[in-house]
Structures are given as C-alpha cells and as structure tokens.
Amino acid sequence: MMSLCYTQRDAERWAAFSGDYNPIHFDAAEAKRLGLEGVCVHGMRALLDVKSGLSQAMAKRTLSSGGLLFSSRLRAPVVCGMPYRLELSEAGSQIGGKLCSVDAQSTHISSKLGESKPLVLTPATQANTLRGEALAALYDQFLAVESEPAPLWSFYDAVLFRQLVNAPETLETVRGIIPEHQPDSLGDV
C-alpha cells in the first residue's frame, strides 16, 4: 500500500513541467463553481503515481510476453490536501490498483496493469522531435516534480503528455470538435 497526499506545490511543479495551468488545479473558487470539492490534482500527475505503484508490484513477476498494458478509469477528482492510499490486488496476470480517499473510503482512480502482446505501430505521418539538450533539460525539470526517484518510463509518459498539451494541433482538434467554442488555450476549454 502506498500513501499519497498532494499539495499546491505539487500542482505548481507539474504545471511548470507540463504546461497544464487549468484553473481547477489552482483556483478554489473556480473549482467550487464547477461543482468540485476543492482544488484538484492534475489527473496525469496522479496517474503517474498509480502506474508507478502497479509497475513496482509487476516488477516482481517474470513476464512471458513482450509488453504491458495499462488501463485506468478516473472515477472522482483527486483533491489537493486530502490523504489517499493506493490499494493493490492481484488477479491472474494482472495487478489492480485503486486510489482511495482515506477519509471517505471512496475510489477515485481504478487501474490495471497486465501482460500484453507487443504493439505493432504504423509509421508516423508527422514527427515531432526533441533534441538531446531539450530532453535533458526536461528531465531535470521532471526530477523537480517527482518526490522520489521515478522509472524512466514515467518521464517518457510525462513528456508525451506535455507535448500533447502544448501541441497547436491539440487546440485545433478541440476547435474542430466544439466549433461554437473557439478557445485560445486549453485552459479556456
């Protein structure tokens, strides 16, 4: 079992890394206006902790396949300042995890990590690359986000999220899906 409690400082560090400055992570009044209990933890930040807990449990196993598959469901917002625990369970070849609030005994995130066949990827039609120096600088920034050493895959997941949030194509996709709402940033969404 892993105990977690996120602070406003965690939100600031994750936003500085990812570029995700959605007001629900910083403004209690805005969070309440949207029906939330309080300022919410960045979902990707909490998912990285859940995935790390599951992968540590999975690391004790001998894998027969070439890959792993992670799936997760966000059931309720994870709120800053509230204590949570990650409860792990094993079912066959999978490790399950539930991020539960200590006070309310409710599940906020449920996840599974199990063996999978290796992915067959199609060639990329458009490549976005980061040079070595830029990736090294992001790694230094990422180390300031994590409170304890994280596996390298966690850094790569975080970088992919950061690139997605900051890609102009992401905002254009949102504008295409919701034509009556023309946001200038993802924070406007």
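Shown above is the structure to which this text applies.
Residues Asp10, Ala11, Trp14, Ala15, Phe17 and Ser18 constitute the buried set of helix 1 (residues 8-18). Down the axis, helix 1 shows its buried residues gathered within 160° of arc, on one side only. Residues of helix 1 that are buried make contact with strand 1 (2-5), helix 3 (43-58), helix 4 (132-145) and helix 5 (152-166). One or two residues past the end of helix 1 sits Gly19, with phi positive at roughly 85°.

What follows covers the pattern of salt bridges. A side chain with one charge can pair with a side chain of the opposite charge if their charged atoms come near. For the structure shown, the criterion picks out seven salt bridges. The salt bridge partner of Arg33 is Glu30, with a shortest N-O separation of 2.8 Å. Residue Arg33 and its partner Glu30 are located together in helix 2 (residues 28-33), separated by three residues, close to a single helical turn. Using a relative accessible area of 59% as the deciding quantity, one classes Arg33 as exposed. With its nearest N and O atoms 2.6 Å apart, the salt bridge here joins Arg85 to Glu87. Looking at Arg85, the relative accessible area reads 14%, which means it is buried.

Across the sheet, which stays open at both edges, the five strands sit in the order 1-3-4-5-2 with antiparallel pairing between neighbours. Edge strands, defined here as strands with exactly one partner in the open sheet, are strand 1 and strand 2 (67-74). Within this sheet the neighbouring strands show an average axis-to-axis angle of 20°, counted without direction. The pairing of strand 4 (residues 94-101) with strand 5 (residues 107-116) spans seven bridges and is antiparallel. Counterpart to Gly97 in the pairing with strand 5 is Ser111. Along the sheet, helix 3 makes contact with strand 1, strand 2, strand 3 (83-91), strand 4 and strand 5, crossing strand 5 at roughly 45°.

It is worth spelling out the packing of helix 4 against helix 5 at this point. Running from N to C, helix 4 and helix 5 point in directions that differ by 105°, and their axes come no closer than 11 Å. It follows that helix 4 is roughly perpendicular to helix 5 by the angle criterion. Listed contacts from helix 5 to Leu135, Leu138, Tyr139 and Phe142 of helix 4 are Leu152, Ser154, Phe155, Ala158, Val159 and Arg162. Residues that form the contact of helix 4 with helix 5 fall into these classes: eight nonpolar, one polar and one charged.

Before going further, it helps to spend a moment on unusual backbone geometry. Its identity as a non-glycine residue notwithstanding, Gln105 has a phi of 60°, on the positive side. Under the relative-accessibility criterion, Gln105 is labelled exposed at 53%.

Turning our attention to the layout of surface pockets. Looking at the largest pocket, its volume works out to about 570 Å³. Contributing to the lining of the largest pocket are 22 residues, with Tyr156, Val159, Leu160, Gln163 and Leu164 lying nearest its centre. Top element by residues in the lining of the largest pocket is helix 5. It accounts for eight residues.

A few words on the nonpolar core. Nonpolar side chains tend toward joint burial in soluble globular proteins. Core analysis: the largest hydrophobic core is formed by 19 residues, its most contacted members being Val78, Leu99 and Ile109. When contributions to this core are tallied by element, the ones reaching two or more residues are helix 3, strand 3, strand 4 and strand 5. At six residues, helix 3 tops the list of elements feeding residues into this core. Setting aside its immediate chain neighbours within four residues, Val78 contacts Tyr6, Val39, Cys40, Val41, Ala46, Tyr84, Leu99, His108 and Ile109.

This part covers the packing of helix 1 against helix 4. At a minimum axis distance of 9 Å, the contact between helix 1 and helix 4 shows a crossing angle of 165°. What the angle tells us is that helix 1 and helix 4 run roughly antiparallel. As for the relative orientation of helix 1 and helix 4, their crossing is left-handed in sense. When helix 1 is examined against helix 4, the residues Arg13, Trp14, Ala16 and Phe17 are found in contact with a partner set consisting of Leu138, Gln141, Phe142, Ala144 and Val145. Of the residues in the contact of helix 1 with helix 4, the class split is seven nonpolar, one polar and one charged.

Thresholds, definitions, all that
- Residues numbered from 1 in each chain as written.
- Predicted model: local features only at pLDDT ≥ 70, side-chain atom pairs only at ≥ 80, totals over all residues.
- Heavy atoms only, no water.
- Buried < 20%, exposed > 50% of the residue type's maximum accessible area, 1.4 Å probe, protein only.
- Helix = DSSP H or I, 4+ residues; strand = E, 2+ residues; numbered from the N terminus.
- Arc of directions from axis to C-beta.
- Contact = heavy atoms within 4.5 Å.
- Salt bridge = Lys/Arg side-chain N within 4 Å of Asp/Glu carboxyl O.
- Pairing = 2+ DSSP bridges.
- Axes fitted to C-alpha atoms, helices over the stretch in contact; angles between N-to-C directions.
- Parallel < 35°, antiparallel > 145°, perpendicular 65-115°, else oblique.
- Nonpolar A, V, L, I, M, F, W, Y, C, P; charged D, E, K, R; others polar.
- 1 Å grid on protein atoms, 1.4 Å probe; cavity = no way out; pocket = protein on both sides within 12 Å on 5 of 7 lines; lining within 4 Å.
- Points joined across faces, edges and corners; volume = space filled by probe spheres on them.
- Core = buried A, V, L, I, M, F, W, Y, C linked by side-chain atoms within 4.5 Å.
- Left-handed = near helix turned anticlockwise from the far one by under 90°.

Keep in mind that these numbers describe shape and distance, not what the molecule does.
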